[in-house]
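# Notes for the structure review
Here is what each chain is made of, one letter per residue.
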Amino acid sequence: MTAAAAVALSVAVLGATTGAQAQSRDQIRAVGSSTVFPFTTAVAEAFGKAGKFKTPVIESTGTGGGLKLFCAGVGPAHPDIANASRRIKKSEVEQCAANGVTQITELKIGYDGIALAYSKKAPDVALTTAVIWKALAKEVPVNGKMVANPYKKWSDIDAKLPNEEIEVIGPPPTSGTRDTFNELAMLEGCKKVPEVKAAIADEKAREKACMTIREDGGYVEAGENDNLIVQKLNANPGAFGVFGYSYIDQNRDKLKSAKMDGVDLTAENVAAGKYELSRPLFVYVKNAHAGVIPGIREFIAEYTAERAVGDDGYLVDKGLIPEPKDAREAARTSAINLTPLQL
């Protein structure tokens with residue numbers, strides 16, 4: 001294929017009607033997870049300082065919102081990269097394909113842990129996933145039947161817990177942190193309450209009930225603004241907030257996190273798989289934009305470099321928990337080659 005033909009093909013793939021349209025954006029645009037946002041922002045800053053390309057524009061929209069934008073189409077009007085604090089869903093891949101986004105590269109950048117954090121002014125607290133579920137489920141089992149959650153205080157669930165009103169401030173349904181919290185805290189905690197299985201025989205109905213959060217004030221949605229949650233926790237030391245490890249790590253002067261089933265939230269415990277509310281973090285790249293929007297391959301190379309995601313990389317200083325070295329090397333090769341995702 002000649003160079004001219006290759007350029008023409010790239011323009012066609014981007015769905016642009018003219019060459020001018022295809023070149024209407026000379027800056028990488030990324031959207032998505034508020035948890036991954038500081039990592040991608042740090043990479044963007046390092047990438048921009050190198051001087052060859054403009055610093056990418058990074059927006060914090062939440063994982064679900066970001067993937068919706070990412071999958072909406074191909075062309076300069078649509079973002080090139082989506083940050084995600086959970087893996088892309090099959091339904092999202094199908095939505096991408098329906099809109100012409102047929103080749104996506106997946107990069108797992110490292111790990112994070114979900115914390116129930118609270119003000120440093122409050123006494124230390126240890127929780128379990130079963131307790132979290134009982135505190136936040138819309139319905140819980142009482143005398144063999146599922147009823148509206150009667151627990152108003154943590155001490156109603158366990159007398160050893162604080163005699164404080166249940167208030168957990170966390171992200172909305174569009175957030176990957178919320179998805180992960182639902183799966184790792186709510187669903188897994190529900191499985192540890194055997195009365196639920198006795199009350200709801202159907203597995204799908206039971207799973208839905210397990211992940212349905214109460215709407216009577218016990219759980220308060222606070223958008224994607226972690227700083228706002230911190231302000232509320234400082235105003236009410238009896239409340240908890242749902243955060244990623246990286247945010248806790250950067251704000252230990254204001255917050256501390258509850259032990260989960262007896263295990264502290266530390267980078268070592270997450271990496272070793274001991275802390276059960278842990279998750280991988282992802283970046284998704286729209287392959288059709290590589291070579292048309294300037295700098296995408298080079299940005300991926302910066303993101304996957306040891307100086308970024310390695311054991312002593314600058315993203316570790318931001319709170320990222322790195323992958324093992326062999327996994328990093330495999331991810332680097334796959335990403336730089338723009339190997340298409342296959343679920």
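Residues numbered from 1 in each chain as written. Predicted model: local features only at pLDDT ≥ 70, side-chain atom pairs only at ≥ 80, totals over all residues. Heavy atoms only, no water.

In this section: the overall build of the protein. Of regular secondary structure, the protein possesses 16 helices and 13 strands. Against the 2.2 N^0.38 benchmark of 20 Å for 343 residues, the protein shows a C-alpha radius of gyration of 22 Å, consistent with a compact globule. Its C-alpha atoms give the protein principal-axis dimensions of about 75 × 45 × 35 Å. The proportion of buried residues among the 343 residues of the protein is 50%. For the protein, restricting intrachain contacts to residue pairs at least 6 apart in sequence, the fraction spanning at least 24 positions comes to 74%. Of the roughly 15,500 Å² of accessible surface on the protein, 52% is carried by carbon and sulfur atoms. If the 41 positive side-chain charges of the protein are averaged to one point and the 42 negative ones to another, these points end up 2 Å apart. (Helix = DSSP H or I, 4+ residues; strand = E, 2+ residues; numbered from the N terminus. Rg over C-alpha atoms; globule rule 2.2 N^0.38 Å. Buried < 20%, exposed > 50% of the residue type's maximum accessible area, 1.4 Å probe, protein only. Contact = heavy atoms within 4.5 Å. Areas by Shrake-Rupley, 256 points an atom, 1.4 Å probe, with all protein chains shown as cover. Lys, Arg positive; Asp, Glu negative; His and termini not counted. Charge placed at Lys NZ, Arg CZ, Asp CG, Glu CD.)

The next point concerns empty space enclosed by the protein. In total, this model carries two cavities of 30 Å³ or more according to the counting rule given. Those elements giving two or more residues to the lining of the largest cavity turn out to be strand 4 (104-119), helix 14 (296-304) and helix 16 (325-336). Considered class by class, the residues forming the lining of the largest cavity number five nonpolar, one polar and three charged. Roughly 30 Å³ of internal volume is contained in the second largest cavity. Contributing to the lining of the second largest cavity are Ile81, Leu107, Val283, Val285, Phe299, Ile300 and Tyr303. Of all the elements in the fold, those that place two or more residues in the lining of the second largest cavity are strand 13 (278-286) and helix 14. At three residues, the largest contribution of residues to the lining of the second largest cavity is made by helix 14. Split into classes, the residues belonging to the lining of the second largest cavity amount to seven nonpolar, no polar and no charged. (1 Å grid on protein atoms, 1.4 Å probe; cavity = no way out; pocket = protein on both sides within 12 Å on 5 of 7 lines; lining within 4 Å. Points joined across faces, edges and corners; volume = space filled by probe spheres on them. Nonpolar A, V, L, I, M, F, W, Y, C, P; charged D, E, K, R; others polar.)

So, about the state of the cysteines. Inspection of every chain in the model, using the stated rule, returns two disulfides. With its sulfur 1.9 Å from that of its partner, Cys71 forms a disulfide with Cys96. The S-S bond linking Cys71 to Cys96 shows a torsion near -70°; that makes this disulfide left-handed. Linking Cys71 in the loop between helix 4 (63-70) and strand 3 (81-84) with Cys96 in helix 5 (residues 90-98), this pair joins segments that are 25 residues apart in sequence. Note on Cys71: relative accessible area 2%, which makes it buried. Across a sulfur-sulfur distance of 2.0 Å, Cys190 and Cys210 are joined as a disulfide pair. Sign of the S-S torsion, about -50° for the bond between Cys190 and Cys210, identifies this disulfide as left-handed. (Disulfide = S-S within 2.5 Å.)

Further remarks concern the confidence of the model for the protein. Per-residue pLDDT for the protein averages 90, and the proportion of residues at 70 or more is 93%. Note on residues 1-22: pLDDT under 50 across the span, and 19 contacts to partners over four residues away in sequence or across chains. (pLDDT = per-residue confidence, 0-100.)

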